[in-house]
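A closer look at the structure
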Amino acid sequence: MTGSRGPAFSRRALIGAALGAAVLTSAGAGTAHADAPSAQRRAHAFLAAAMDAYPDHGSTRLAQSYTDQAGLFSTAFTYDNALAILALLATRSTDGRARAVVLGDALLYAQEHDPVHDDGRLRQAYNVGPYTFYDGSRQPDGFVRADGTVNVGTQFGFTGTAVGDMAWAGIALSALARRTGERRFLDGAVRIGEWIERNGRTEEPLGGYKFGVNGANEKLPFTSTEHNTDLVCLFGRLARLTGDRVWRARRARAEAFVMKMWEPSGGFFYTGTNDGTTINTSPVPEDTQTWTHLALDSRVHARSLDWAARELAVLDHAERRNSTVPAGQSYEGVTFSSASLLANEDAPIADTQPKPDRNGVWFEGTAHLALALRERSGRGDEARARRLIDSIERAQDLLGGGQTVGGRALPGRCGIVAASSPLDTGFGFGYYPYRHTGATAWYLMAATRSNPLGV
């Protein structure tokens, strides 16, 4: 979330994270890249490698979110693993379904074996393998500790519970329930929905559902358009799967908040509110434009895709200041938010991190946009989406080589980097050219035309 009257916040940063489309120029525009089926297979191979990085630490496991080079060690974000489930199901393969079930069961295990709470919550992230932290302390466990509890990501403070993370986990579990018919997945999704109702519902003027809790279990005051968009999907699915009308009312409440964030004069959605009364007007992020379309499929609000494609368009190449793109290559797409385009290129995003490139491509968001354009299916939308997907597939071929997960080499040319160059989100954290489970999952969903937010 953002604030025009104070610091900007985001689901990824607040509770613990450390960290018309542009037309291609001649720099790299003709670079050869693999055919789409091969690119999709290699993306699937990355998700498998991220899951299998710690074979000596049990079969109950989550996928590591970033390659080792990102410096987050074996961190597995709940959000990324929910996306991995949805992407693996989208591949429609036997192996994809089997792996999705493994990840779903791990989320259910985390609900049942939290070291502190017994209320169905999931934390922002977990450790899934051993490592030595920066201060020399040893983290020896896998996802499941010797005492049976899950290994919460305390080293980086990833101990809070965000409504958005919970919603995506619930969406993933509901998808597993529909695909497998197994009741345990629906029960887990319902438990998530009930936690959100108890801990997120607000009677403030703007309504909706608030941000969640921090690691000390203190409720956070912010309300996010992104989170409430996620809830439109989750609550809608729970209404359909359970037949209980209470979920329809809860969905309507989340949707009403989202609609209050619409700016008709500009054709975009604001990010939310810090106090439940005043709408934050800056920065404006990409995901509130694309996810709203994927969840609502509203013709009235479909202009948000044009706003994102036009106002957040970037083209990254080696001649750009602070770009890390190799010579002769270029990548088009969108950046994270309106603030990313105004980043201070003279200062690093955080200590020990490189300086940002204002034109760094956020590949996860670029995949959101490609999928949303395909869903809208208006004049020229498919061609625009295909161009964005081509850029992502080229990045998989050429960026992030030599990176590892759990100290193990990855299969060749597999997995999408989070960003083409370091970029500042404007929300207190950045994205970097490290292969990323979340970006790879969104690419697979865009490539296979699989809408994770559809009811």
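An account of the accompanying structure is given in this report. No experiment lies behind these values; they were computed from the predicted model shown.

How each quantity is defined
Residues numbered from 1 in each chain as written. Predicted model: local features only at pLDDT ≥ 70, side-chain atom pairs only at ≥ 80, totals over all residues. Heavy atoms only, no water. Pairing = 2+ DSSP bridges. Helix = DSSP H or I, 4+ residues; strand = E, 2+ residues; numbered from the N terminus. Phe/Tyr/Trp six-rings, centres within 6.5 Å; stacked < 30°, edge-to-face > 60°. Lys NZ or Arg CZ within 6 Å of the ring centre and 35° of its normal. Buried < 20%, exposed > 50% of the residue type's maximum accessible area, 1.4 Å probe, protein only. Expected span 1.5 Å × (residues − 1). Contact = heavy atoms within 4.5 Å. Salt bridge = Lys/Arg side-chain N within 4 Å of Asp/Glu carboxyl O.

Taking strand neighbours across the sheet as the criterion, the 3 strands line up as β7-β10-β11 in an open arrangement whose pairing is antiparallel. Both edges of this open sheet fall to β7 (223-224) and β11 (279-280), since each of them pairs with a single strand only. Bridge count for strand β10 (residues 272-273) against β11 is 2 bridges, and the pairing is antiparallel. By the bridge assignment, Gly-272 is partnered in β11 with Asn-280.

Another aspect to go through is the packing of aromatic side chains. Any pair of aromatic rings gets described here by the distance separating the centres and the angle formed by the planes. Enumeration over the complete set of coordinates arrives at 30 aromatic pairs. With a centroid separation of 5.0 Å and 55° between ring planes, the pair formed by Phe-73 and Tyr-134 is classed as tilted. On the criterion of sequence distance, the pair formed by Phe-73 in the loop between α2 (36-51) and β1 (75-77) and Tyr-134 in the loop between β3 (131-132) and β4 (138-139) is long-range, its members being 61 residues apart. Each member of the aromatic cluster is reached from another via a ring pair, and the members are Tyr-66, Phe-73, Phe-77, Tyr-131, Phe-133, Tyr-134, Phe-156 and Phe-158. Just above the ring of Trp-247 sits the side chain of Arg-250; from NZ or CZ to the centre is 4.6 Å.

A separate point is the pairing of strand β13 (residues 330-334). With 5 of 5 residues buried, β13 is to be regarded as a mostly interior element. Of the two faces of β13, the one carrying Ser-330, Glu-332 and Val-334 and the one carrying Tyr-331 and Gly-333 are both buried. As judged from the 5 bridges shared by strand β12 (residues 313-317) and β13, these two strands associate in the antiparallel manner. When the bridges of β13 are listed, His-317 appears paired with Ser-330.

Under the 1.5 Å per step criterion, the end-to-end length of helix α12 (residues 381-398) is 26 Å for 18 residues, consistent within 8% with the ideal 26 Å. Of the residues making up α12, those classed as buried are Asp-381, Arg-384, Ala-385, Leu-388, Ile-389, Ser-391, Ile-392, Glu-393, Arg-394, Ala-395, Gln-396 and Asp-397. Of the surrounding elements, those touching the buried residues of α12 are α2, α10 (303-311), β13, α11 (363-376) and α13 (437-447).

Of the consecutive residues Ser-282 and Pro-283, the connecting peptide bond is found in the cis state with omega at -5°. A positive phi angle is found at Asn-217, which is not glycine, with a value near 70°. Looking at the secondary structure, you find Asn-217 in the loop between β6 (212-213) and β7. Looking at Asn-217, the relative accessible area reads 36%, which means it is partly exposed. Despite not being glycine, Arg-413 has its phi angle at roughly 55°, a positive value. Note that Arg-413 resides in the loop between β15 (408-409) and β16 (423-424).

Tallied over the entire structure, the rule returns 34 salt bridges. Between Arg-99 and Asp-52 there is a salt bridge whose closest N-O contact spans 2.7 Å. Taken together, the positions of Arg-99 in helix α4 (residues 94-112) and Asp-52 in the loop between α2 and β1 put the pair 47 residues apart, joining distant regions of the chain. Arg-251 is paired through a salt bridge with Glu-255; the nearest N and O atoms lie 2.8 Å apart. Highlighted residues: Arg-251 and Glu-255, both in helix α8 (residues 246-260), separated by 4 residues, approximately one helical turn. When salt bridges with common partners are traced through the structure, they connect Glu-194, Glu-197, Arg-201, Glu-203, Arg-250 and Arg-253 into a single cluster.

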